[in-house]
Amino acid sequence: MSYFVGEKEYFKGIGKIRFEGKSSRNPLAFKHYNADEKVGDKTMAEHLRFSTAYWHSFCANGSDPFGKPTISFPFDSSDPFAKADAAFEFFTKIGTPFYAFHDVDVFDDIEDGRAYEKRYQEVADGLLARQKASGVKLLWNTSNMFSHPRYMNGAATNPDFNVVARSAVQIKKSLEVNVQLGGLNYVFWGGREGYMSLLNTDMKREQEHLARMLIIARDYARSIGFTGKFLIEPKPMEPTKHQYDYDAATTIGFLQRFGLQDDFACNIEANHATLAGHTFAHDLLVCSDAGMLGSVDANQGDAQNGWDTDEFPTNMYDITMAMLIVLNQGGFGLGGLNFDAKIRRNSTDAEDLFLAHIGGMDAFALGLKIAHKIKEDGFFSNFIKNRYSSFDSGAGKRFAEGKMDLVELARIGLDAKTKQTSGKQELLNNMFNSYLFDY
Ligand code: XLS
Ligand code: CA
Ligand code: CA
């Protein structure tokens, strides 16, 4: 497959990124990601379902609370069609078959709601044409209901009904665009859906309003033909002090409380899981166990900094654990691996965006291969299975199946001989490392 070029080529001098194998020292080549190579019964491309994030790659300009922009784009960023041309050129050169965006990533936000809808539609038509020309698909879109000052007290959870209604303009239009573009998922990340102080907040009411919004968004989307998944993206804090979708467990409980568990799943971002005090793998497994792991925002945080640094993923331990969980649940389904990650403020060469994605894609491809081997060998799964084998037969089995009351359980306990059984953590750590280092 060749790459897409619009009216002009923006990333000149960089061609399609190709697989050269692990002995290659070419920085602009893949060492592990070989799209058509099979791992088990699927190709790497089918397993990994990579997606590029519009906002970090084509909107974020390196500015931070302390400094002005550092990154200059090779396109006119005020022209949504030039931006789209550059984006699709990038997607096809790097080889991410999917992309993801917020409404106001693909065009500059407009105050007037009707003008917003009109402009969004024009740009969506342009995106559809580029999707058709390139074969790139929409993993998900979403509405940015956290940047505009009107959302400073929340969007769906705002105490002012008019703000809630204005946020519906964005959700409704984004859902229509999603259906037009054949989007596989639609994401809700509640950036301002939380609170700064309980002294001014009716938390119960806000959460009920949030659920109300999700219910009517779901109903509208289904009525216009959306067949995909709705995804909630948990994050504990930042920008609010306390976000309602704190982590996977909280989000799943919320969805179940309001009967939304069949239409909704989670989009787990690594850096958000670690901000919540969990590992990436923990939040993935919580979702997977509930049948609600929808998609992943692939990135990583910084071990020393307690905020959302959105770095490109490089940590092989975390990545391999993640891929093992995904393989164990039989793949992503409609989801994928979206690089919600940004190059650093001082990474200012045009090639840096390519290098960042190459690193992330290679790391996940390697993690996939290692996880596949781990799964095939069955050492860890057998260890865990054996650890619980006392529940596989006899009284243990009857307990687990709900066929035993407390009286009987305690009676068995009176005569039970308990023994010390090692958890073998050091052995397991060593084994895991031996898989990692085998490649
Ligand atoms: C911010 C979130 C955001 C969502 C989409 O921390 O990661 O970018 O993925 O709104
Ligand atoms: Ca994210
Ligand atoms: Ca983030």
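Residues numbered from 1 in each chain as written. Chains lettered and ligands numbered in written order. Predicted model: local features only at pLDDT ≥ 70, side-chain atom pairs only at ≥ 80, totals over all residues. Heavy atoms only, no water.

Please clarify how helix 16 (residues 425-436) should be interpreted in this entry.
Given 3.6 residues per turn, any residue in an α-helix points the same way as the ones three and four places further on. When the terminal C-alpha atoms of helix 16 are compared, their 16 Å separation across 12 residues agrees well with the 16 Å that a helix rising 1.5 Å per residue should span. Every buried residue of helix 16 is listed here: Leu428, Phe432, Tyr435 and Leu436. Taken down its axis, helix 16 places every buried residue within 100 degrees of arc, on the same side. Facing away from the buried surface of helix 16 by more than 90 degrees, the exposed residues are Glu426 and Asn430. Buried residues in helix 16 make contact with helix 11 (316-328), helix 12 (352-377) and helix 13 (379-387). (Helix = DSSP H or I, 4+ residues; strand = E, 2+ residues; numbered from the N terminus. Expected span 1.5 Å × (residues − 1). Buried < 20%, exposed > 50% of the residue type's maximum accessible area, 1.4 Å probe, protein only. Arc of directions from axis to C-beta. Contact = heavy atoms within 4.5 Å.)

Could you clarify how one ought to interpret the sheet that holds strand 5 (residues 50-53) in this entry?
The strands that make up a sheet pair up through hydrogen bonds in the backbone, lying either parallel or antiparallel. In space, the eight strands of this closed barrel follow the order 5-6-7-8-10-12-13-14, with parallel pairing throughout. Put simply, the sheet's adjacent strands are angled 30 degrees from each other on average, direction ignored. Looking at chain direction, strand 8 (residues 185-188) and strand 10 (residues 229-232) are connected through four bridges and run parallel. Residue Tyr186 lies in a different strand from strand 10, and its bridge partner there is Phe230. (Pairing = 2+ DSSP bridges. Axes fitted to C-alpha atoms, helices over the stretch in contact; angles between N-to-C directions.)

Quick question: what am I supposed to make of the coordination of the calcium ion (ligand 2) here?
Ideal values differ by geometry: the angle at a metal is 109.5 degrees with four tetrahedral donors, but 90 or 180 degrees with six octahedral donors. For the calcium ion (ligand 2), the full set of protein donor atoms is Glu233 (OE), Glu233 (OE), Glu269 (OE), Asp297 (OD) and Asp340 (OD), at a range of 2.1 to 3.1 Å. Counting gaps between the donor residues of the calcium ion (ligand 2) yields the pattern E-x35-E-x27-D-x42-D. A separation of 4.5 Å is found between the calcium ion (ligand 2) and the calcium ion (ligand 3), which are bridged by Glu269. Of this pair, Asp297 sits in strand 13 (residues 293-297) while Asp340 sits in the loop between strand 14 (337-339) and helix 12, and the two are 43 residues apart along the sequence. Here Asp297 and Asp340 have matching classes, each one buried. (Donors = N, O, S within 2.8 Å, 3.2 Å for Na, K, Ca; no water.)

Help me understand the coordination of the calcium ion (ligand 3), please; the structure alone is not making it clear to me.
Within the protein, Glu269 (OE), Glu269 (OE), His272 (NE2), Asp308 (OD), Asp308 (OD) and Asp310 (OD) serve as the donor atoms for the calcium ion (ligand 3), at 2.2 to 3.1 Å. The buried category is assigned to His272, whose relative accessible area is 4%. The exposure class of Asp310 is buried, given its relative accessible area of 7%.

I'm lost on the site of ligand 1 in this one. Help?
The environment of ligand 1 is formed by Trp55, His102, Trp140, Phe146, Trp189, Glu233, Lys235, Glu269, His272, Asp297, Asp308 and Asp340. Across the shell around ligand 1, the residue classes tally to four nonpolar, two polar and six charged. (Near = heavy atom within 4 Å. Nonpolar A, V, L, I, M, F, W, Y, C, P; charged D, E, K, R; others polar.)

Honestly, the pairing of strand 10 in this entry has me stumped. Any pointers?
Two faces belong to every sheet, and in a regular strand the side chains alternate between them. Here strand 10 runs beside strand 12 (residues 264-269); their pairing, made up of three bridges, is parallel. Within strand 12, the residue paired with Phe230 across the bridge is Phe264.

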